[in-house]
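# Coordinates in review
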Amino acid sequence: MFFISCLNLLAQDPGTDPGTETSPEPAPRTTHPNSKKPSNTSSFSNRLFTGGDIGMQFGSYTYVQIAPLLGFRATPDLSVGITGKYIYYNVNDSYSAYKYETNTYGGGFFTRYNVMEEVFLHGEYEALSLEVPVSPYEMNRRIVSALFLGGGYRQFFGSYSSMNIMILFDAIQDQYSPYQNPIFRIGFDFGL
């Protein structure tokens, strides 16, 4: 009996009347338990992240893409960064004897704004150096720009890492752009 009375005394809030019971409400959860958003006092290295995406297809049409990124969490909801891209493309069609091989490369910059913890808006400018046809038998290298606007969903794993699924639209739609709207992208971010 004495033990139960001691527990009751310890459990009471000293600022309340002992005859009234109050049940404290838990604070609402506003962040993902694994997100670790940086505070304004976080170190520079805690705000950096890297990642990107890769794509591959092999056969008579070979496509290999490597697209790394380096980002910085400027605020808990706003990230900015730079991107790079390399694409190897090879067509070796044995039926028509058509052969074509090219390398495309470039880079750009991006910004992301977290609307909710897992949902974000994404904007990205990209400039690619690629070969474009000037005649049926001649190709020239040209810089082609793209402006991607859209959003995505982030699935966290670990403290600073996530998988991102995005749907983007190229607002410029250059006639030589290698992209067709909409653009679906799956990539990863890893905190440093």
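Residues numbered from 1 in each chain as written. Predicted model: local features only at pLDDT ≥ 70, side-chain atom pairs only at ≥ 80, totals over all residues. Heavy atoms only, no water.

Another point: the overall build of the protein chain. Along its length, the protein chain carries 2 helices and 8 strands. Its helices and strands in sequence order give the protein chain the pattern α-α-β-β-β-β-β-β-β-β, from N to C terminus. Expressed as a percentage of the 192 residues in the protein chain, the buried residues total 33%. Long-range contacts, defined as pairs at least 24 residues apart, comprise 49% of the intrachain contacts of the protein chain with a sequence gap of at least 6. Surface summary for the protein chain: the accessible area is close to 12500 Å², and the carbon and sulfur share equals 61%. (Helix = DSSP H or I, 4+ residues; strand = E, 2+ residues; numbered from the N terminus. Buried < 20%, exposed > 50% of the residue type's maximum accessible area, 1.4 Å probe, protein only. Contact = heavy atoms within 4.5 Å. Areas by Shrake-Rupley, 256 points an atom, 1.4 Å probe, with all protein chains shown as cover.)

For the structure shown, the criterion picks out 8 aromatic pairs. For the pair F157 and F188, a centre-to-centre distance of 6.4 Å together with 70 degrees between the ring planes defines the contact as edge-to-face. One end of the pair, F157, is in strand 6 (residues 138-157); the other, F188, is in strand 8 (residues 183-191), with 31 residues separating them in the sequence. Residue F188 is classed as partly exposed on the basis of its relative accessible area, which comes to 34%. Geometrically, the ring pair formed by F157 and F190 is edge-to-face, given 6.2 Å between the ring centres and 75 degrees between the ring planes. Taken together, the residues F157 in strand 6 and F190 in strand 8 connect sequence positions 33 residues apart. Judged by relative accessible area, which is 37%, F157 ranks as partly exposed. Among the aromatic residues, those joined into a ring-pair cluster are F157, F188 and F190. For the cation-ring pair, R112 lies above F120, with the distance from its terminal atom to the ring centre recorded as 5.3 Å. In this structure, R185 is placed above the aromatic ring of F148, and the distance from its NZ or CZ to the ring centre is 5.3 Å. (Phe/Tyr/Trp six-rings, centres within 6.5 Å; stacked < 30°, edge-to-face > 60°. Lys NZ or Arg CZ within 6 Å of the ring centre and 35° of its normal.)

The next point concerns a nonpolar patch on the surface. Together, I54, M56, F58, I66, Y86 and Y105 make up an exposed nonpolar region whose accessible area comes to about 670 Å². Judged by its relative accessible area of 41%, Y105 falls in the partly exposed class. (Patch = residues over 30% accessible without salt bridge, like charges linked within 9 Å, V, L, I, M, F, W, Y side chains within 5 Å. Salt bridge = Lys/Arg side-chain N within 4 Å of Asp/Glu carboxyl O.)

To continue, consider the environment of T111. Among the structural elements, T111 can be located in strand 4 (residues 98-114). Among the residues examined, T111 registers a relative accessible area of 33% and is labelled partly exposed. In the structure, T111 is positioned 31 residues away from V80 in sequence and 4.3 Å away in space, judged by C-alpha atoms. Excluding residues that lie within four positions of it along the chain, T111 makes contacts with L78, S79, V80, L121, H122 and G123.

Within the largest apolar cluster, 11 residues are counted, these being F120, L128, L130, V132, V144, A146, F148, M166, L168, Y179 and I183. Among the elements of the structure, strand 5 (119-135), strand 6 and strand 7 (161-170) are those that each provide at least two residues to this core. Top element by residues in this core is strand 5. It accounts for 4 residues. Beyond its immediate sequence surroundings of up to four residues, F120 is in contact with R112, Y113, N114, V115, G151, G152, Y153, R154, N164 and M166. (Core = buried A, V, L, I, M, F, W, Y, C linked by side-chain atoms within 4.5 Å.)

One ladder, built from 16 bridges, connects strand 5 with strand 6; its direction is antiparallel. When the sheet's bridge partners are listed, E124 is paired in strand 6 with F148. Hairpin geometry of strand 5 and strand 6 is characterised by an intervening segment of 2 residues between the two adjacent antiparallel strands. Bridge count for strand 6 against strand 7 is 10 bridges, and the pairing is antiparallel. Across the sheet, the residue bridging to G150 is L168, located in strand 7. (Pairing = 2+ DSSP bridges.)

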